[in-house]
Amino acid sequence: MWDSFFEESFYEFPSFEVALFSLLLAFVLSTLIAFTYKITYRGISFSGSFFQAMILASIATATIIMAVGNNLAVGFGIVGAIAIIRFRTRIGEPRNIIFIFAAIGVGIASGVYGYAIAMAGTLIFCLVAVILYFSPYGKSFLFLYEVNFNLTEKNTHNTVMEFFAAHCDSYFFIGLDEGKAGMERYDYRVSLKKGVDHVTFYRDLQVLEGVSNVSIERRNNNERL
């Protein structure tokens with residue numbers, strides 16, 4: 001029985017058993033990907049809706065792929081229907097995009113009955129994600145806050161960089177705008193050191209000479225000071 005499932009074949013109209021197996025496999029594998037995401041997540045607040053989206057996207061994708069089959073007319077119809085829907089959700093982190101793409105890929109593989117590909121791909125993807133999590137590349141560059149401020153004098157910038165070095169694990173320059181009265185507005189993303197409170201960081205930065213109009217925003221929940 002199981003050998004027939006793993007044979008390289010294409011069902012134009014799959015039986016209920018084959019369709020059920022494909023959807024259950026997409027569910028199991030996408031759940032494994034979602035839990036890998038949760039285990040390796042380093043942000044401030046974990047999103048349960050994103051966790052669910054990975055699993056549901058895989059099942060929905062597998063269903064659509066099986067419904068299309070090798071019918072070109074049905075494929076164009078589904079593309080037209082999807083084009084009507086406007087997806088406005090912004091996924092800011094590249095890593096999140098890759099995880100949702102991996103879940104969709106599992107759904108596609110299950111939908112075309114490439115079960116061996118789906119399982120092998122999930123295994124390797126999750127394994128590499130865990131390895132990267134424990135590697136030096138998984139522990140750095142967590143830009144948890146977005147900091148904006150004006151400088152009245154350019155030579156003050158070195159003082160601000162020394163302040164960042166003392167209070168931040170890492171910081172990244174985003175952009176520079178020319179503000180009113182010749183004041184330059186800087187945009188940084190920073191990861192605060194352990195034990196450094198963002199309120200204290202905000203107050204200490206605000207009192208630096210030549211620094212004004214400071215704002216700090218926690219990226220995941222839009223908490224602004």
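Up top is the structure these notes are about.
Here's a quick rundown of the structure. Note that the coordinates shown come from a computational prediction; the quantities given were computed from them, not determined experimentally.

Concerning the packing of helix α2 (residues 16–39) against helix α6 (residues 115–134)
Closest axis-to-axis distance for the α2/α6 pair is 9 Å, and the angle between their directions is 5°. Classified by the interaxial angle, the pair formed by α2 and α6 is roughly parallel. On α6, the residues that touch Val 18, Phe 21, Ser 22, Leu 25, Leu 29, Leu 32, Ile 33, Thr 36 and Ile 39 of α2 are Tyr 115, Ala 118, Met 119, Thr 122, Phe 125, Cys 126, Ala 129, Val 130 and Tyr 133. Of the residues in the contact of α2 with α6, the class split is 15 nonpolar, three polar and no charged.

Here we look at the pairing of strand β1 (residues 145–151)
Counting buried residues in β1 gives six out of seven residues, a clear majority hidden from the surface. In terms of strand pairing, β1 meets strand β3 (residues 184–192) through seven bridges, oriented antiparallel. In the strand pairing of β3, Asn 148 is matched with Asp 187. The pairing of β1 with strand β4 (residues 211–218) spans six bridges and is classified as antiparallel. Bridging across to β4, Asn 150 finds its partner in Ser 212.

A few points about a nonpolar patch on the surface
Taken together, the side chains of Leu 123, Ile 124, Val 128 and Leu 132 make up a nonpolar region of the molecular surface, amounting to roughly 370 Å² of accessible area. Exposure remark for Val 128: the relative accessible area of 38% places this residue in the partly exposed category.

Overview of the environment of Leu 144
The topology assignment puts Leu 144 in the loop between α6 and β1. Sequence spacing of Leu 144 and Leu 192 is 48 residues, and the spatial spacing of their C-alpha atoms is 7.7 Å.

What to know about the environment of Lys 38
As for its position among the elements, Lys 38 is in helix α2. We classify Lys 38 as partly exposed; its relative accessible area is 45%. For Lys 38, the residues in contact, after removing those within four places along its chain, are Phe 46 and Phe 51.

A few points about the packing of α2 against helix α3 (residues 48–68)
Their axes nearest at 8 Å, the elements α2 and α3 cross at an angle of 155°. When the axes of α2 and α3 are compared, the pair comes out roughly antiparallel. Considering how the two elements wind past one another, α2 and α3 form a crossing that is right-handed. From α2, Ala 19, Ser 22, Leu 23, Ala 26, Phe 27, Ser 30, Thr 31, Ala 34, Phe 35, Tyr 37 and Lys 38 reach across to α3, where they touch Phe 50, Phe 51, Met 54, Ile 55, Ser 58, Ile 59, Ala 62, Thr 63 and Met 66. Here the residues of the contact of α2 with α3 sort into 14 nonpolar, five polar and one charged.

Quick notes on the rules
- Residues numbered from 1 in each chain as written.
- Predicted model: local features only at pLDDT ≥ 70, side-chain atom pairs only at ≥ 80, totals over all residues.
- Heavy atoms only, no water.
- Axes fitted to C-alpha atoms, helices over the stretch in contact; angles between N-to-C directions.
- Helix = DSSP H or I, 4+ residues; strand = E, 2+ residues; numbered from the N terminus.
- Parallel < 35°, antiparallel > 145°, perpendicular 65-115°, else oblique.
- Contact = heavy atoms within 4.5 Å.
- Nonpolar A, V, L, I, M, F, W, Y, C, P; charged D, E, K, R; others polar.
- Buried < 20%, exposed > 50% of the residue type's maximum accessible area, 1.4 Å probe, protein only.
- Pairing = 2+ DSSP bridges.
- Patch = residues over 30% accessible without salt bridge, like charges linked within 9 Å, V, L, I, M, F, W, Y side chains within 5 Å.
- Areas by Shrake-Rupley, 256 points an atom, 1.4 Å probe, with all protein chains shown as cover.
- Salt bridge = Lys/Arg side-chain N within 4 Å of Asp/Glu carboxyl O.
- Left-handed = near helix turned anticlockwise from the far one by under 90°.

On their own, these measurements won't tell you what the molecule is for.
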